[in-house]
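# Results of the structural survey
Each chain, written out:
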Amino acid sequence: MEKPRTRSVLGVPLSVTDYDGAVATTRQWATTGDRAYAVGAAATHFVTLSRHDARFRKSLERFDLITPDGMPCVWVMNAKGERLKDRVYGPTLMLHALAQPGMRHFFLGGTPELLEKLSVNLRERFPDLIIAGSYAPPFPPWPEGESERMITAICESGANYIWVGLGCPKQENWIADHLDQLSPGVYFAIGAAFLFHSGEVKQAPRWMQRNGLEWLFRFASEPRRLWKRYVVYNSLFIYHATLELLLRRD
């Protein structure tokens, strides 16, 4: 299956796709089993960070699919000629993928307690879900050989959907750095999805998500931790995106 067409937003090639298209593409890659594929979900912080962090930008060059996770990204893509009706939000994409029958899933990231809550909640929601394994790395800095232990656990599980929740940009950098060593499958850099689906963090109401206001809900919930992401990077996104649209750099 060919990759979806892309449209650049601040230099990041975002896929022109919807949930059905993203699931169909990643399922095809997962069942083919020929190599490791990297999938990301780009909100405003993600694309703005790529503009200011050379290492992160280089990592994204190794990604096979990056979905428009935030509504502002969708709005910019549509201003450039697309007709997307909705974003492809990472946590929701995860639920769509988990509903696919016969797939083996691996969860990487978080704490043992969080992964246990996540597994219990997801098994209640998807009774036929196959959780092939999970791994909670220690808090950084990681000890020597930690990445090798993570890779071995994934390989031995036989999973074809691997959900990586290490936080942005660490998760994207880790996938890109080890892509050639990873066993065949689809590696999703999934951010806060573990926190949402485990029940540890509440998601924004749907109306706020549809109107691009999820950032405000999360910022109000965790201002100390998220102020830089939403105050600084959202402002930078507006600045860079406005210039890009005025100059029509696709």
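Predicted model only: the values in this text are computed from it and were never measured. (Residues numbered from 1 in each chain as written. Predicted model: local features only at pLDDT ≥ 70, side-chain atom pairs only at ≥ 80, totals over all residues. Heavy atoms only, no water.)

Looking now at the side chain of T44. Position of T44 relative to the elements: it lies in helix α2 (residues 44-52). By relative accessible area, T44 is classed as buried at 10%. Dropping the residues within four chain positions of it, T44 is found in contact with P72, C73, N234 and F237. (Helix = DSSP H or I, 4+ residues; strand = E, 2+ residues; numbered from the N terminus. Buried < 20%, exposed > 50% of the residue type's maximum accessible area, 1.4 Å probe, protein only. Contact = heavy atoms within 4.5 Å.)

What follows deals with unusual backbone geometry. For the peptide bond that leads from P140 to P141, omega is 0°, which places it in the cis range. Mapping P141 onto the fold places it in the loop between β6 (130-135) and α7 (146-157). Of note, the amide linkage connecting C168 to P169 takes the cis form, showing an omega dihedral of 10°. You can see P169 is positioned in the loop between β7 (161-165) and α8 (170-178).

This part takes up the pairing of strand β5 (residues 104-109). Taking burial as the measure, the six residues of β5 include five buried ones, the bulk of the element. Bridge analysis of β5 against β6 gives five bridges, and the strand direction is parallel. By the bridge assignment, L108 is partnered in β6 with Y135. Chirality of the crossover, the property in question, places the unit of β5, helix α6 (residues 112-125) and β6 among those that are right-handed. Judged from the five bridges that link them, β5 and β7 form a sheet pairing that is parallel. Within β7, the position partnered with F106 by the bridge is I162. (Pairing = 2+ DSSP bridges. Right-handed = clockwise from strand over helix to strand, strands pointing away.)

Quick look at the nonpolar core now. Side chains of nonpolar character tend, in soluble globular proteins, to be buried together. Counting 42 residues, the largest nonpolar core has L14, F46, V47, W174 and I175 as its most contacted members. No other element matches helix α4 (residues 71-79), which puts five residues into this core. The contact partners of V47, leaving out residues within four places of it in the chain, are V9, L10, V12, L14, A42, C73 and F237. Judged by nonpolar contacts, the second largest core, of 34 residues, contains Y19, L93, L95 and F194. (Core = buried A, V, L, I, M, F, W, Y, C linked by side-chain atoms within 4.5 Å.)

From the geometry alone we can't say anything about function, so treat these as descriptive.
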